[in-house]
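# Architecture and fold: a report
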Amino acid sequence: MSECFSKHFIKNGETLDQEGFNDDDIKKGKSVYEVIRIIEGVPLFFKEHMDRFLNSTSLIGKEILIGREEIENTIAKLVDIEARRNGNIKIVFNYGAEKDNWYIYFLKHFYPTEDMYQEGVDTILYHGERENPNAKVINQGFREQVNQVIKDKKAYEAILVDRNGHITEGSKSNIFMVYENKVITSPGELVLPGITREKIISVIKEAGIEFSEERFHYKEINKLQGLFISGTSPKVLPIKTVDDYFFQSSKNEIIRTIKSLYDQKIAADIQRDK
């Protein structure tokens, strides 16, 4: 099944039918990408996503193919063409051996159900590291390996553990933990600096909740009061299990407060950009 989930996609400024989308094209050479959630027709936290996207491009030593304004206008064009007010849009800069191309298209998305927010989700530990964690670069081999383990274990997400035994991030998300009434997450240099992650950190600090970025060993996971996933689609999603460890994360007051405040921040951003 094609990654392009819309009837149309835009390549180098040209609107094309979905049948013309070739997934292999963005796997050749080097591809940098960004996924933005569209809510009520508005790209959520657009400026922050663009800052990260262009930073990812510079981290691999490449030049941007189009600027922020053209990206924003193309997103608006695709939203209108597809008549989709909500969903996830992917932007890809593909640097090929012969030619560079850029793409913008809708992805198939999965947003957590209300039950998942109320009860939490199941996760697993996965010992592995992403190459160049600060850059959002397509690494198909690593992604396929992790996805297969997630599928086999019937988990929602895999929590990555580095070679030193420290929890870093989720395979497609960031991870926050509550330890002795303090919220902790892996240091920024070890993870993808997610936009949701940045917004959550600001929410935590604004609320006066104790917080730190620090390394946390996976063998200490039983000492946690709770954990949650953060990301474009899940937003703030409590974790119920990590392998055989059970947590009442969805009932933890610190996590509940963060979730509520983050939802308010989303509403304010969407309202401002309307």
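Refer to the preceding data block for the structure.
Residues numbered from 1 in each chain as written. Predicted model: local features only at pLDDT ≥ 70, side-chain atom pairs only at ≥ 80, totals over all residues. Heavy atoms only, no water.

Across its full length, the protein holds 6 helices and 15 strands. Against the compact-globule benchmark of 19 Å for 274 residues, the protein has a radius of gyration of 19 Å, which places it among compact chains. Considered along the principal axes of its C-alpha atoms, the protein spans approximately 55 × 40 × 30 Å. Each of the 274 residues in the protein was classed as buried or not, and the buried ones make up 50%. Counting only contacts in the protein whose residues sit at least 6 apart along the sequence, the fraction spanning at least 24 positions is 69%. Counting 39 positive and 44 negative side-chain charges, the protein places the centres of these two groups 1 Å from one another. (Helix = DSSP H or I, 4+ residues; strand = E, 2+ residues; numbered from the N terminus. Rg over C-alpha atoms; globule rule 2.2 N^0.38 Å. Buried < 20%, exposed > 50% of the residue type's maximum accessible area, 1.4 Å probe, protein only. Contact = heavy atoms within 4.5 Å. Lys, Arg positive; Asp, Glu negative; His and termini not counted. Charge placed at Lys NZ, Arg CZ, Asp CG, Glu CD.)

A word on helix H2 (residues 68-82). For H2, spanning 15 residues, the distance from its first C-alpha to its last is 21 Å, which sits close to the expected 21 Å at 1.5 Å a residue. The complete set of buried residues in H2 reads Ile71, Thr74, Ile75, Leu78, Val79 and Glu82. Mapping the buried residues of H2 onto a view down its axis gives an arc of 140°, with all of them on the same face. What points out from H2, more than 90 degrees from its buried face, is the exposed set Glu69 and Asp80. (Expected span 1.5 Å × (residues − 1). Arc of directions from axis to C-beta.)

Inspection of the entire model under this criterion finds 8 aromatic pairs. Relative to phenylalanine 21, the ring of phenylalanine 9 has its centre 5.1 Å away and its plane inclined at 85°; by these criteria the two rings are edge-to-face. Within this pair, whereas phenylalanine 9 is found in strand S1 (residues 8-11), its partner phenylalanine 21 is found in the loop between strand S2 (14-17) and strand S3 (30-39), the two being separated by 12 residues in sequence. Accessibility assignment for this pair places phenylalanine 9 and phenylalanine 21 in one class, buried. On the basis of an interplanar angle of 5° and a centroid distance of 5.0 Å, the ring pair of phenylalanine 176 and phenylalanine 228 is categorised as stacked. Taken together, the residues span a long stretch of sequence, with phenylalanine 176 in strand S10 (residues 174-179) and phenylalanine 228 in strand S13 (residues 226-231) at a distance of 52 residues. On the basis of relative accessibility, which here comes to 0%, the residue phenylalanine 176 falls in the buried class. What links up through ring pairs into an aromatic cluster is the set Phe9, Phe21, Tyr103 and Tyr105. We note arginine 37 situated over the ring of tyrosine 111; from NZ or CZ to the ring centre the distance is 3.6 Å. (Phe/Tyr/Trp six-rings, centres within 6.5 Å; stacked < 30°, edge-to-face > 60°. Lys NZ or Arg CZ within 6 Å of the ring centre and 35° of its normal.)

Once that is clear, we can look at helix H5 (residues 195-206). Taking 1.5 Å per residue as the helical rise, H5 with its 12 residues ought to reach 16 Å, and the 17 Å between its terminal C-alpha atoms agrees with that figure. Among the residues of H5, those classed as buried are Ile195, Thr196, Arg197, Lys199, Ile200, Ile201, Val203 and Ile204. Downstream of H5 by a residue or two, glycine 208 has a phi angle that is positive, lying close to 75°.

Next up on the list: the sheet that holds strand S6 (residues 100-107). Strand order in the open sheet formed by 6 strands is S2-S1-S6-S5-S3-S4, and the pairing between neighbours is antiparallel. In the strand order of this sheet, the two ends are held by S2 and strand S4 (42-43), each with one partner. As defined by bridge partners, S3 adjoins S4 across 2 bridges and the pair is classed as antiparallel. Bridge pairing links isoleucine 39 to valine 42 in S4. (Pairing = 2+ DSSP bridges.)

A separate point is the pairing of S6. S6 sits mainly inside the fold: 7 of its 8 residues count as buried. For S1 and S6, the ladder comprises 2 bridges, and the chain directions are antiparallel. Its bridge partner being in S6, isoleucine 10 is matched across the sheet by isoleucine 104. Where strand S5 (residues 87-95) lies against S6, 8 bridges are found, and the strand directions are antiparallel. What sits directly across from asparagine 94, in S6, is asparagine 101. Following S5, the chain reverses through 4 residues before pairing antiparallel with S6.

Attention now moves to the side chain of aspartate 162. Positionally, aspartate 162 belongs in the loop between strand S8 (157-161) and strand S9 (167-170). Buried within the structure, aspartate 162 lacks any salt-bridge partner; arginine 215 is the closest side chain of opposite charge, at an N-O distance of 5.6 Å. In this structure, aspartate 162 is in contact with Glu129 and Thr168, ignoring residues within four places of it in sequence. (Salt bridge = Lys/Arg side-chain N within 4 Å of Asp/Glu carboxyl O.)

Enumeration according to the criterion identifies 14 salt bridges in this entry. Across the salt bridge formed by lysine 172 and glutamate 157, the nearest N and O atoms sit 3.6 Å from each other. Of this pair, lysine 172 sits in the loop between S9 and S10 while glutamate 157 sits in strand S8, and the two are 15 residues apart along the sequence. A relative accessible area of 1% means that glutamate 157 is categorised as buried. A cluster of three or more residues bridged by salt bridges with shared partners is formed by Lys47, Asp51 and Arg68.

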